[in-house]
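Below are the chains, spelled out letter by letter.
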Amino acid sequence: MKIVGIYLSVLVVCLCLVAAAGRSMKAKPCWCWPGAQHMVAGPKPQIERNEYVSYGSFGSEPDWNNPARMLPLDYEQEQGKRVFYQHCVWCHADTTPAGPSNRSNVTPDPPLMNDGAILNVESDAKLEKIIALGGSAVGKSAMMPPYGSMLRQDEIDDVISYIRVVAVPEYHKPPSRVNTTWRNKPR
Ligand code: HEC
């Protein structure tokens, strides 16, 4: 009889402990699971939108002579900018992303890549030739290296479109050379 009494009282104490623990557990079901995190659909947290929206559709470049003037770049021009700052800036600009440029050490002086007075008179085909085959192929200095096997055709076209957009004075595409006078001829 006595042993049953002890057994029952131990059982009651245990049940009380379980009940007490259960009540405090309800407040915090798991130590590793933050109470605020619910697995049900709720309003999405608002993330502040502060991503950089460029002025051009794809990028921009300051006018080299007037940094306050930003030039919008389209896709090709932006790709050309990348090629330029990777390969050409070291000789064709006075400052580079890495600091002073090598331009003053090169003879003859490589023209500044925005020098419209020199570059605007050259056709796209002529620029393409000097970039791909190097200065020596067009009778200029071999200090201008050939990029034909380093750059793809589209990269050369892109860098030319970049040269055109940064040109000072501005570059204007010459009228198409395709002969259209036959349209106006009396028949
Ligand atoms: C190692 C220095 C160097 C690098 C790098 C270089 N150039 Fe040149 N570039 C020259 C020199 C020097 C000349 C001038 C050649 C002359 O006038 O005889 C020149 C001339 C030119 C010209 C012709 C300008 C004219 O008078 O018609 C173009 C266009 C040109 N470079 C484009 C580029 C492009 C695009 C790149 C990058 C893909 C590049 N260069 C990289 C040194 C360099």
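Bear in mind the structure is a predicted one, so any value in this text is a computation, not a measurement.

What counts and what doesn't
- Residues numbered from 1 in each chain as written.
- Predicted model: local features only at pLDDT ≥ 70, side-chain atom pairs only at ≥ 80, totals over all residues.
- Near = placed C-beta within 6 Å.
- Helix = DSSP H or I, 4+ residues; strand = E, 2+ residues; numbered from the N terminus.
- Nonpolar A, V, L, I, M, F, W, Y, C, P; charged D, E, K, R; others polar.
- Axes fitted to C-alpha atoms, helices over the stretch in contact; angles between N-to-C directions.
- Parallel < 35°, antiparallel > 145°, perpendicular 65-115°, else oblique.
- Contact = placed C-beta atoms within 7 Å.

S.K.: Looking at this model, I keep getting lost on the site of the ligand. Mind explaining?
M.R.: Within the structure, the ligand sits among 23 residues, and C88, C91, K140, S141 and M144 are positioned closest to it. Mapped by element, the contributors of at least two residues to the shell around the ligand are α2 (75–92), α3 (116–119) and α4 (124–133). The element contributing the most residues to the shell around the ligand is α2, with five residues. Grouping the amino acids of the shell around the ligand by side-chain chemistry returns 17 nonpolar, four polar and two charged.

S.K.: Looking at this structure, I do not really get the packing of α2 against helix α5 (residues 153–166). What am I missing?
M.R.: Helix packing for two helices is described by the angle between their axes and how far apart those axes are. Close contact between α2 and α5 brings their axes to 7 Å; oriented N to C, the two are set at 95°. What the angle tells us is that α2 and α5 run roughly perpendicular. Only E155, D157, D158, V159, I160, S161, Y162 and V165 of α5 make contact with α2, whose side of the interface consists of E76, Q77, Q79, G80, K81, V83, F84 and C88. In terms of residue class, the contact of α2 with α5 is made up of seven nonpolar, four polar and five charged.

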